[in-house]
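Breakdown of the fold
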Amino acid sequence: MQGDHRAATAKGAATRSHIVDRALDMVRVGGFDGLSIGSVAETAAMSKSGVFAHFGSREELQLAVLDAAAERFTREVFVPALRAPRGLPRLRSIVAHWLEWLRLSEGGCPMVGAAVEFDDQPGLVRERVVFYEERLRAELVRAVRMAVETGDLRADTDAEQVAFELFAIALASHHDYRLLGDASPRGVRALERLIEFHRV
């Protein structure tokens, strides 16, 4: 009986993961507004009741997609960057992987899209977007402070301000690449200018 239960649990988790993957693909191209139990069921080749069994509401599905996007971002941006030495090498690695994530994310970054769609819509989805953006900002601040501690950046460096400017560089790079088709390394150059301004 235990084996049957574990098999059923594993199958359920795999199905849920499949649904979220398809929903994330949809969000990358069409945004969160077009996401519904019905549209995801059609894309995932499932019945509406089958999707509803895993996600009892559209909001629950949207939250699961945000969680999946954040998990992938962490895996593809921060995890590889942790292999770089503390200080500027790690900070540069975070931004390099971040810019690559924005460029390679088919249809665009779902977090950027969610921030635009839900910035003035109170509710759980907006709260989840804010949570992940604040967590990202905190990690950037932490990386900048490490660079100060290692002596790579000046002691008077305002870590919160640098994190803000790094965020601005990433958003501008995403905008230029997605909307204008500009794949020039302006983001990397902006990063280097910012670093040089705060170097010891």
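Everything in this summary refers to the structure shown in the same document. (Residues numbered from 1 in each chain as written. Predicted model: local features only at pLDDT ≥ 70, side-chain atom pairs only at ≥ 80, totals over all residues. Heavy atoms only, no water.)

Time to look at the nonpolar core. One finds Leu35, Trp98 and Leu166 to be the most contacted residues of the largest nonpolar core, which totals 58 residues. The dominant element in this core, judged by the number of residues it contributes, is helix α4 (residues 58-81), at twelve residues. Once residues lying within four places of it in the same chain are set aside, the contact partners of Leu35 are Ala23, Met26, Val27, Val40, Arg58, Leu61, Gln62 and Val65. (Core = buried A, V, L, I, M, F, W, Y, C linked by side-chain atoms within 4.5 Å. Buried < 20%, exposed > 50% of the residue type's maximum accessible area, 1.4 Å probe, protein only. Helix = DSSP H or I, 4+ residues; strand = E, 2+ residues; numbered from the N terminus. Contact = heavy atoms within 4.5 Å.)

Put simply, helix α5 (residues 88-104) and helix α8 (residues 159-180) touch, their axes get as near as 9 Å, and they point 25° apart. Taken together, the axes of α5 and α8 lie roughly parallel to each other. Considering the relative orientation of α5 and α8, their crossing is right-handed. Contacts from Leu91, Val95, Trp98, Leu99, Leu102, Arg103 and Leu104 of α5 reach α8 at Leu166, Phe167, Ala170, Ser173, His174, Tyr177 and Arg178. (Axes fitted to C-alpha atoms, helices over the stretch in contact; angles between N-to-C directions. Parallel < 35°, antiparallel > 145°, perpendicular 65-115°, else oblique. Left-handed = near helix turned anticlockwise from the far one by under 90°.)

Put simply, α5 and helix α7 (residues 124-149) touch, their axes get as near as 8 Å, and they point 150° apart. Here α7 runs roughly antiparallel to α5, going by the angle between their axes. In this structure, α5 contributes Leu88, Arg90, Leu91, Ile94 and Trp98 to the contact, and α7 contributes Leu136, Leu140, Ala143, Val144, Met146 and Ala147. Split by residue class, the contact of α5 with α7 holds ten nonpolar, no polar and one charged. (Nonpolar A, V, L, I, M, F, W, Y, C, P; charged D, E, K, R; others polar.)

Bringing the packing of aromatic side chains into the picture now. For the structure shown, the criterion picks out six aromatic pairs. Relative to Phe118, the ring of Phe32 lies with its centre 5.8 Å away and its plane at 75°, an arrangement referred to as edge-to-face. Taken together, the positions of Phe32 in the loop between α1 (2-30) and α2 (37-43) and Phe118 in helix α6 (residues 110-118) put the pair 86 residues apart, joining distant regions of the chain. Here the two residues Phe32 and Phe118 agree in accessibility, since each one is buried. Measuring from centroid to centroid gives 6.0 Å for Phe73 and Phe78, while their planes differ by 65°, and the two rings are edge-to-face. According to the relative accessible area criterion, Phe78 is buried, its value standing at 12%. Aromatic ring contacts, followed pair by pair, group Phe73, Phe78, Trp98, Trp101 and Phe167 into a single cluster. Lying across the ring of Phe197, Arg154 places its NZ or CZ 5.7 Å from the centre. (Phe/Tyr/Trp six-rings, centres within 6.5 Å; stacked < 30°, edge-to-face > 60°. Lys NZ or Arg CZ within 6 Å of the ring centre and 35° of its normal.)

Here we take up the pattern of salt bridges. What the rule picks out here adds up to twelve salt bridges. In this structure, Glu100 engages Arg103 in a salt bridge whose closest nitrogen and oxygen atoms are separated by 3.0 Å. Of the two residues, Glu100 and Arg103 are both situated in helix α5; the distance of three residues between them amounts to about one turn of the helix. Among the salt bridges present, the one from Arg154 reaches Asp156, with a minimum N-O distance of 3.0 Å. (Salt bridge = Lys/Arg side-chain N within 4 Å of Asp/Glu carboxyl O.)

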